[in-house]
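Observations on chain architecture
Listed below, chain by chain, are the residues.
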Amino acid sequence: MLDFFAIFSKGGIVLWCFQGAGVSESFAGPVNALIRSVILQERTGNSSFTHNALSLKYKLDNEFELVFVVGFQKILTLTYVDKFIDDVQLHFRDRYKNELGQKGALKFLVNHFEFEDDFSRLLRHFYCFIVDSKSPKPQKPKKKENRVWEMGGTSSKDLDYSETNSNGSYSSQGQDNEAPAEPVRRKGFGGMFGMLKGLVGSKTLTQQDMEPILEKMKDHLIAKNVAADIASQLCDSVAKKLEGKVMGTFTTVASTVKQALQESLVQILQPKRRVDILRDVLEARAQRKPFVITFCGVNGVGKSTNLAKISYWLIENGFTVLIAACDTFRAGAVEQLRTHQRRLNSLHPPEQHGGHPVVQLFEKGYGKDAAGIAMEAIAYARNQCFDVVLVDTAGRMQDNAPLMTALAKLIAVNTPDLVLFVGEALVGNEAVDQLVKFNQALADHSMSDHPRLIDGIVLTKFDTIDDKVGAAISMTYITGQPIVFVGTGQTYSDLRSLNARAVVNALMKA
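The protein is annotated in an unreviewed UniProt entry as SRP54-type proteins GTP-binding domain-containing protein from Pygocentrus nattereri. As its UniProt record puts it under Subcellular location (unreviewed entry), the protein is described as follows: "Endoplasmic reticulum membrane". The annotation that UniProt attaches to the protein under Sequence similarities (unreviewed entry) is "Belongs to the GTP-binding SRP family."

Set out below in structure tokens:
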């Protein structure tokens, strides 16, 4: 019924694992997907994850830096698996608390965690529990009979243990006419040392400790333009990350939560995959083919302008650029790109580059098939040895089915190396909604079983939002894709890579 159960450290060391009978596929794939898509991306607010045909349930043990994962076929409805994973965690912790309490990551390598017998016992109990829960319940008897206890007695006196404590001595707690027992005295340091021990590194964080602080943090994030549901998910993820963790020396709950939230936000903004355009262009040049970037987005967000900025950045780094004018709908779109081409060539005159213009425009006018123009432009760039092709597309609303189908066709036919969504930082969470629906529309209108979606984001007008930078967090969190560039002004040089820590500092500023 269970495909696998794995216990591993947050550093990736597998301590113990179980694989179900008849299961041939390794659990490495689903677990690696969980690590990449959930744990590393700070999305641990939800304890469930789906990978292909498997459902995964996981639990974080923050005190010992462990992850417990169980996998089963998602067609099964195992309502008691949460309790099972809790039981396994408690038994594993109790059995190996001395080994887990050692300092450093070497403890996971030098110790042996033999957990088969304990797990088998828990698993049998789990299966019996499922069977019992599915069995029909017996009807309630009409006549109540005297209960017979396993320890042998039938009278209430035989069952009265109220006077005996766990040490075998007698207690007088149930007798009102006797004085209470002397408190047990423990050896140890008192006075100031005892007070310091209560302050230094002895507080274990609970959900109740963090709840009021996280509520304030959530309101703060929403005020900084983070989408409300994403702010809630982030705070839930931080709570799961910290619950059960022992606080550091002289730290407050508020500072601990704030630091964890900052780390989570930085992790979200750092891409889960490498996006190094300059390196990728060099690799494409070595293979004698152009590197193709397609720009898409809604109307009026600055696609053509930021395409020109990226052209300038590529030229400054020594590459030649072909701009493909595939916006065949908007009047003036081709003329706008031609103006940018002239300005860029005036900044980098052909005489400085062996008589060859560093940027050219490939256009076929209006009313033509955009996918066909892009294909011709890529072929022309290959023949003329251009390093990069930048494909400008028509602005379109995400609910315009004919235009979304045309864009999906352009991407499917020409297979660009990078698909960039251009959105405005100024509109805040409206850009998030655009991005989500845009990505979904690309998937819906693609004819492929594995549709090509958004690879990265260009966030325009970033200089106009002061410290309300929450849209950057929301867009990255919702897609898992990085913000490749941010536009910071009106000139060609006003283009920056995203500084994750600077954005987070602005976001956390009061």
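On we go.
**Quick notes on the UniProt feature "domain: SRP54-type proteins GTP-binding" (unreviewed entry) in the protein**
What UniProt calls "domain: SRP54-type proteins GTP-binding" (unreviewed entry) maps, in this numbering, to residues 482-495. Counting secondary structure, residues 482-495 comes out at 0% helix and 43% strand; the distance between its end C-alpha atoms is 16 Å.

**What to know about the packing of helix 13 (residues 370-383) against helix 14 (residues 401-414)**
It is at 8 Å that the axes of helix 13 and helix 14 come closest, and there the two elements cross at 30 degrees. Classified by the angle between their axes, helix 13 and helix 14 sit roughly parallel to one another. The crossing of helix 13 and helix 14 is right-handed. Taking contact as the criterion, the partners of Ala370, Ala371, Ala374, Met375 and Ile378 in helix 13 are, on helix 14, Lys409, Leu410, Val413 and Asn414. Partitioning the contact of helix 13 with helix 14 into residue classes produces seven nonpolar, one polar and one charged.

**Points about helix 8 (residues 228-242)**
End to end, helix 8 covers 21 Å across 15 residues, agreeing with the expected 21 Å (1.5 Å per residue, within 8%). Among all positions in helix 8, only Ile230, Ala231, Leu234, Cys235, Ser237, Val238, Ala239 and Leu242 are buried. Check the buried side of helix 8 and you find it contacts helix 7 (207-223), helix 9 (253-269) and helix 16 (470-479). Residue Gly244 follows helix 8 closely and has a positive phi angle near 90 degrees.

**Here's the deal with the pairing of strand 9 (residues 388-393)**
Most of strand 9 sits inside the fold, with six of its six residues counted as buried. Of the two faces of strand 9, the one holding Val388, Leu390 and Asp392 and the one holding Val389, Val391 and Thr393 are both buried throughout.

**Notes on the sheet that holds strand 9**
Spatially, the eight strands line up as an open sheet ordered 8-7-9-6-10-11-12-13, and their pairing is mixed. In the strand order of this sheet, the two ends are held by strand 8 (359-362) and strand 13 (495-496), each with one partner. One ladder, built from four bridges, connects strand 7 (residues 321-326) with strand 8; its direction is parallel. Note that in strand 8 the partner of Leu322 across the bridge is Gln360. Along the sheet, helix 13 makes contact with strand 6 (291-296), strand 7, strand 8 and strand 9, crossing strand 7 at roughly 165 degrees.

**Points about the packing of aromatic side chains**
A full pass over the atoms with the stated rule returns 17 aromatic pairs. Summarising the aromatic geometry, the rings of Phe18 and Phe119 are spaced 4.9 Å apart at their centres and angled 40 degrees between planes, so their arrangement reads as tilted. In this pair, Phe18 sits in strand 2 (residues 14-19) while Phe119 sits in helix 5 (residues 116-134), placing the two residues 101 residues apart along the sequence. Taken as a pair, Phe18 and Phe119 share a single burial class, namely buried. Feature note: the residues Phe5, Trp16, Phe18, Phe68, Phe84, Phe92, Tyr96, Phe113, Phe115 and Phe119 constitute an aromatic cluster, connected by ring pairs.

Rules and cut-offs
- Residues numbered from 1 in each chain as written.
- Predicted model: local features only at pLDDT ≥ 70, side-chain atom pairs only at ≥ 80, totals over all residues.
- Heavy atoms only, no water.
- UniProt positions renumbered as here; feature names shortened; annotations may be inferred.
- Helix = DSSP H or I, 4+ residues; strand = E, 2+ residues; numbered from the N terminus.
- Axes fitted to C-alpha atoms, helices over the stretch in contact; angles between N-to-C directions.
- Parallel < 35°, antiparallel > 145°, perpendicular 65-115°, else oblique.
- Left-handed = near helix turned anticlockwise from the far one by under 90°.
- Contact = heavy atoms within 4.5 Å.
- Nonpolar A, V, L, I, M, F, W, Y, C, P; charged D, E, K, R; others polar.
- Expected span 1.5 Å × (residues − 1).
- Buried < 20%, exposed > 50% of the residue type's maximum accessible area, 1.4 Å probe, protein only.
- Pairing = 2+ DSSP bridges.
- Phe/Tyr/Trp six-rings, centres within 6.5 Å; stacked < 30°, edge-to-face > 60°.

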